[in-house]
Each structure stands twice: as C-alpha cells, then as structure tokens.
Amino acid sequence: MAEATSSGAHGTGETTRRDFIFIAAGAAGAVGAAATIWPFVDQMNPAADTRAMSTTEVSLAAIAVGQQIKAIWQGKPVFVRHRTPAEIAQAQRDDYAQLKDPQLDEDRTKQSNGSAGKAEWLILQANCTHLGCVPLPPDNPGFRGHFGGWFCPCHGSDYDTSGRIRQGPAPKNLYVAPYLYLNDTSIRIG
Amino acid sequence: MSGPSTYEPKSGFTRWLDRRLPILRLSHDSFVAFPTPRNINYWWTFGAMLSLCLVVQIVSGIVLAMHYQPNIHDAFASVQRIQRDVPYGWLIQGIHAVGASMFFLAAYVHMFRGLYYGSYKAPREVLWILGCLIYALMIATGFLGYTLPWGQMSFWGATVITNILGAIPFVGESIQVWIRGGGAIDQPTLNRFFSLHYLLPFVIAGVVVLHVWALHEVGQNNPTGVEPKTKDDTVPFTPYATIKDLFATSLFMLLFAVFVFFMPRALGDPANFIPANPVQTPNEIFPEWYLLPFYAILRAFDFNIGPIDSRTAGVLAMFASIGVLFILPWLDTSRVRSMRYRPAAKQFFFIFVVVAILLGWCGHQNPGTTLAKGGQFSATLNWVTGGQSATSQIVAPSAPEFQATSDAAEAQARAQGAAMTSVTREGSVRATLIAVTGGTRQTHTFTADNADDLEAQITAAKAHIGGSAPFVQVIRNTPFLFTVTRFAQLLTFYYFLFFLVILPILGLRETPNRVPDTIAKPVLGETQGAS
C-alpha cells in the first residue's frame, strides 16, 4: 500500500478512513475469494461414500497354511497370508539381519489397537512401497526373489517372509494394514 | 516487428466490419503481411505442424467423447466398441492415439530447434517460457488421456505417477489422495481424469494464442540468430512461409498417415489391451515413448541423498529436468544466439541430443539389466569334513554389544584350535556358536556369468556337501556391474550439466565464429537504404 501512505485522500501523506476502507474491502474480498475457491478444491477429496467403504471383513477360515489371498480394502489390495512355521521361523531369524527398514516380525503382526496378533497371519498392504505395483508371492511364475516373501516385478524390490524390504529400490517395508481380530477366524481391515 | 497495419478493406462489407470488429485486419497482419525472415529453414515449419496436431487432437477427441464412457466398468469396453462398432471409430480413435505421439514428435523437434538456434534469448524469453508451459500442459494432457482406455498400462501408469506425487515432501500424501479422490485409483479418478483431459487442450489452445502473440511481437528468430536489419531481409508470411509450412506439414501428415493406417498400435503398449486389474501388476510398466527420458531420470536415483530418500530425489530430479527449461534464457550466458557460430556449444548440443535419446532408451529397459560387468561372479565355499563340532551359546549383555561379544567368542574358539566357526543369531542378544576342531579343511571356488547362476551353483554344492560338514562358509564376490541404472545416472548427470554448468560457463569463455559479412551486412539493404 505504498500509494496509501505516500498520498492520502487530501494529499497530506496521512492515512485516511478511505485507505482503511480500501484495505478492509480488499481483505474481505480476498477472504471471500478464498472461501469460494475452497469448495471447488475440496470437492476432489474422497467423497463420503468412498470414505464409508473404509473397512473390509475377511474370513480366515478358508485360507490354508501357506496360502495367501488378496482382499480389497478401500480399492487397494491387501495380502492376507497364512504363513507356514518355516516362514515364521525365517522371519524371526531375520529380525537381526541387515535391514533397510529395521522392524521386528513380532511388530508386523500387531493389530491396529496395539495388541499382539498371531504370528501365522500377516496382513499387509499389497502395494510395493516404491511405486505401488503389487509384488508377487513365491508360488507365482514371475517370482525371482531371494528372501522367500514377495518380489515386485516392476523394479525388482525383494521382500522377506515378513514383508520387509531386503533388496531393491523400495524405501520401506510393505505397510501393515490396520486390522483387528473380530474372533478367531475373522478380521476387519480398516 | 509488426509495423503499421497494411490491411486495406476491399468491399463495403469489410470496411463496415473493420470499423466494428477489425478481425480481418488482425488476421491479415498476423498471417499474411507478417514479415518473416527470408532465411528461415525447414526446422521453422514445426510450429505449423503443432497447430495442426492440436486441432486434430481436439476434433478427434470431441468425437471420441461422444462414444466414450468414463466408468471403470465400461471404459475399456467402450474404447473397444469405438474401434469395432462405431462408424469410422477405428480411424478416429487411431488418429487420436497416434496423434498424441506425432504431437510430441513435432514438439521435440520444435524445442531442439529453439535450443540450437538460441530462440529463447532476449527478447524471446516469454515466448520460450510460454512454449515450455504448453509442453508441460501437453505432458499432463497426455498422461490423463492415457489413463482413459482403462487398460493395464492405463491403470498402473496412473498408479505409479500418482505415487510419484506422494513422494513430494510434506504435502505429497494429501495431494495424492486429493488427485485420486480416494485411497486408490478408482472411479472418482477416472471420472476427473476424463473431465480434465477434455479441459486441458483448450487451456493449451489459450496458451498457444499467447505464444503466437508473443512471437508476433518479437518476430521470428532465424538460423543466423541475427535480427533482420531491413525490410528486405524479410518476406511476407503469405505466400512464402505459408506454402513452405504447408509443404512440410504435408510430409508430416504422410508420416502420420503411415502410422494411422499401417501400424496404429506400434507406438502403444500391448499390455493396454488387457482390462485394468487393480490386484495384478503387469510385469513391466513403462510410460509412452515421449515420456521415457523423464522416466529414466526418475529411476536413476536409487540412492539416498542425505535426508532425501531415493524416491523423493528421483521425483525432484524429474520435475527439475522440465523446470530447468523454464529458466534456460537466464542460464545460457552467450550473447551469440545461433549455435551455428558457437563451435564448442554446437558439440555439447549434439551430445545433449544423443543423451536425451539414450535416456529414452534407458527408460524402456529393466533398470537392473547389466550392460557390462567388470569380471565374473565368483563364490568361495569353505567347509571342514571329519572334524569335531562343538556347540555353545553366546549371550551378550545388550543388543548393541552383540557384535563385540560374538566376535570375542569366535576369536576365543579359534584360539582354542577351532578350524572354523559359525554364529547363528537367534534373538537380540542370543546366538549359537558352532566351532569345528580337527578334520580336513576343504575349499572350492567357482565362477558364473550372473548372480542367479552363481546361487544355483552354491545351492547345488551345499546339497552335495550335505551332512558331511556341520556348516559351509560362503564368500560371494560380485564384480562391478554397469547396469541400465548406472548408465541412466551418467546420462542424467550430463542432462543437468549441460543446462546448469556448460551453458552458463561456455557463454562466458568461448570464442564464437565470426558472422560472415554476407550475413552481418544487408546485401539488398545497402543499395536501397535502411528502412
């Protein structure tokens, strides 16, 4: 407002009521414009029905030892893996191996309320932490991993039986999906 | 550049109109009388081709939108329907899909032309920046449009690119969800991508108007980079430039037609003929050819830079590689416009062109592919047969001290005569130590051409040794590998070196060639007098 200070309404160089009104009107206009723009920006955020789909229930009864299923949670796949005792043992032994994103296997089976889960059930978000591809499990034809867990075909990230990143460009372990046991044979994701 | 208007209305109606809306005058001054340097070459015809591409994309796109359904269940089928059932749909869809590639092809030639002849230098900075803005909008439009057929590449391309946005520091996650309209690429994403894909070409058209306006204010550059000095150094745009543009554009349309009619799918990825599947990633994900160099730059960063993780670094570098174009007018310090008279800069420029193409090649390779290696993979196996093995427990006082405790225990076992020792960690502080005494120490080394072969040999050897030894020690030796990623890193380095170091320094230090008198002095102008 250089103009306002240099020349007032009567050329005296003093600030006047007019300057105040000018600034106040401008400020009110700016706030009004921002308030008008905001709904047009915010409408792109997830809608109420999209957010309402935020939980998925999965029955564990049908998943045999060594099997995994992909559940869909919020439009994204989630691995629900029934680990074999050998896989669990390997995951626990690797707790102290050289890890890019160190985490104990025990912490990776925890439920979303912080209480301990079950070692044989691993519930992971199925998107590679690099650029979001879905890694392949060991029984898949394209699997080229060396750690017995998952292998991402896009850029070669190699995950162990706990879903921890061991090799490749991914910066983080596969994220644990937030889940709770509803009873012994079913979980709710989200 | 544009002097007083030379338009003279011929009929009563045009005189009447000219006083009310001088649109014919504007058109005449812009596209008929506009003075064009008489020495511009065929590299100057790509602007006309680009205008044509924009019109072709808008017209074919509007037609496609009449048949396309932006719905995740119907989108893929509706594109197939356009190709199979809609009258001439195969042609119009083919034109639109090939048109995107032709648009970028012409844009790249146009940009390299500007780079070589210094068309970004004063007073054409704003003209150049508007061009960069058009290019950025083209990238956005191309990406959005590629999502619409809802094939596997569409879906996973959108997933990867929106994940890239997620890597932006602090606000990335929110932006990612905001762009997607949910946690994942889904119906809201497709819907809005369609809406924006329809919008952006008109924004591009608007910026093109500004681009042309700026061009007509400062005038066209020319291969010498020397401004026309007299009226005689220029010719009217029509018919001279118009016909030349038309001729070049006809050749361009021939190429366009070859793709549309004989290989309409050659520039696309076959994976996009598989409907999008959110739980199954295709084995390889690549963008369309025109974005491959930037994809290579994105993937070149497989290392962390201090607090910036590898993914964020790649994203920042990718945005910077386009952003650097915007500030190019102030990076190049040379006062000579055309590289025709800059022998050193010319060589760096041609290296840059090759680097850009090689970056594109890298973008289409598997990043782990080895291009050259410094030697063989090798492994040495050590084991002891017929010895006495003793097992003991190691318990360290705390986790940080584990390594020291374990090393001490191993050293002690060796001091007591153990031929070999092995430590298997079992917890944060516990481990089992196996020490072998006596027996015969065996060793075997083998080599392989790649890591997988080596692992297979190690596994076979271990199975062969089997129970005859308590454990086998494996020492792997990986040679230096020159992978696609390393190559892309070198190329990325040159890309930024060219803009950020070579152009600024070269401009101050080089000795440009002398401009020949035939160019420096107007031949016709001298006899007829300067205007």
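Remember, it's a predicted structure, so these values are computed and weren't measured experimentally.

Cut-offs applied
- Residues numbered from 1 in each chain as written.
- Chains lettered and ligands numbered in written order.
- Predicted model: local features only at pLDDT ≥ 70, side-chain atom pairs only at ≥ 80, totals over all residues.
- Helix = DSSP H or I, 4+ residues; strand = E, 2+ residues; numbered from the N terminus.
- Rg over C-alpha atoms; globule rule 2.2 N^0.38 Å.
- Buried ≥ 20, exposed ≤ 12 C-beta atoms within 10 Å, placed from the backbone.
- Contact = placed C-beta atoms within 7 Å.
- Pairing = 2+ DSSP bridges.
- Axes fitted to C-alpha atoms, helices over the stretch in contact; angles between N-to-C directions.
- Parallel < 35°, antiparallel > 145°, perpendicular 65-115°, else oblique.
- Left-handed = near helix turned anticlockwise from the far one by under 90°.
- Nonpolar A, V, L, I, M, F, W, Y, C, P; charged D, E, K, R; others polar.
- Domains from an automatic or database assignment.

Undergrad: Would you mind showing me how to read the overall build of chain B here?
TA: The helix and strand inventory of chain B stands at 19 helices and 10 strands. Over its C-alpha atoms chain B spans a radius of gyration of 32 Å, topping by over 25% the 24 Å that the globule rule assigns to 531 residues. Its C-alpha atoms give chain B principal-axis dimensions of about 115 × 60 × 45 Å. Counting all 531 residues of chain B, 32% fall into the buried class. Across chain B, contacts joining residues at least 24 apart in sequence account for 78% of those joining residues at least 6 apart.

Undergrad: Which parts of the structure should I look at to understand the sheet that holds strand 4 (residues 377–385) of chain B?
TA: Hydrogen bonds along the backbone pair up the strands of a sheet, which may run parallel or antiparallel. Residues and elements named next belong to chain B. Read from one edge to the other, the open sheet built from 3 strands follows the order 8-4-9, with strand pairing classed as antiparallel. In this open sheet, the two edge strands, each paired with only one partner strand, are strand 8 (440–448) and strand 9 (472–477). When strand polarity is set aside, the average angle formed by the axes of neighbouring strands in this sheet is 15°. Here strand 4 runs beside strand 8; their pairing, made up of 9 bridges, is antiparallel. When the sheet's bridge partners are listed, Val-384 is paired in strand 8 with Arg-441.

Undergrad: Explain the environment of B:Gly363 here, please?
TA: Residues and elements named next belong to chain B. Relative to the helices and strands, Gly-363 is located in helix 14 (residues 343–363). For Gly-363, a count of 23 C-beta atoms within 10 Å gives the class buried. Each C-alpha atom, one on Gly-363 and one on Arg-299, is 8.0 Å from the other, the two residues being 64 residues apart in sequence. With residues up to four places along the chain from it excluded, the contact list for Gly-363 reads Phe-286, Leu-292, Pro-293, Tyr-295 and Ala-296.

Undergrad: Would you mind showing me how to read the sheet that holds strand 6 (residues 158–160) of chain A here?
TA: Residues and elements named next belong to chain A. Pairing is antiparallel in the open sheet, where 3 strands are placed in the order 5-6-7. Strands at the two margins of the open sheet, each flanked by one partner only, are strand 5 (148–151) and strand 7 (165–167). Taking each pair of neighbouring strands and ignoring which way they run, the sheet shows an average axis angle of 40°. Sheet analysis places strand 5 next to strand 6, joined by 3 bridges and oriented antiparallel. Paired with Trp-150 across the two strands is Tyr-159, which belongs to strand 6.

Undergrad: Please explain the packing of helix 6 (residues 125–147) of chain B against helix 9 (residues 187–218) of chain B as it appears in this structure.
TA: Each pair of packed helices can be summarised by the angle the axes make with each other and by the distance between the axes. Residues and elements named next belong to chain B. It is the contact of helix 6 with helix 9, at a shortest axis distance of 8 Å, that shows an interaxial angle of 160°. The angle between helix 6 and helix 9 falls in the class roughly antiparallel. Note that helix 6 runs across helix 9; the crossing there is left-handed. A breakdown of the residues in the contact of helix 6 with helix 9 according to their chemical character gives 22 nonpolar, 6 polar and no charged.

Undergrad: Is there a simple way to think about the domain arrangement of chain A in this case?
TA: For interface size, the figure often reported is the accessible area lost on association. Segmentation of chain A into domains returns domain 1 (2–42) and domain 2 (50–189). Distance from the C-alpha centre of domain 1 of chain A to the C-alpha centre of domain 2 of chain A: 56 Å.

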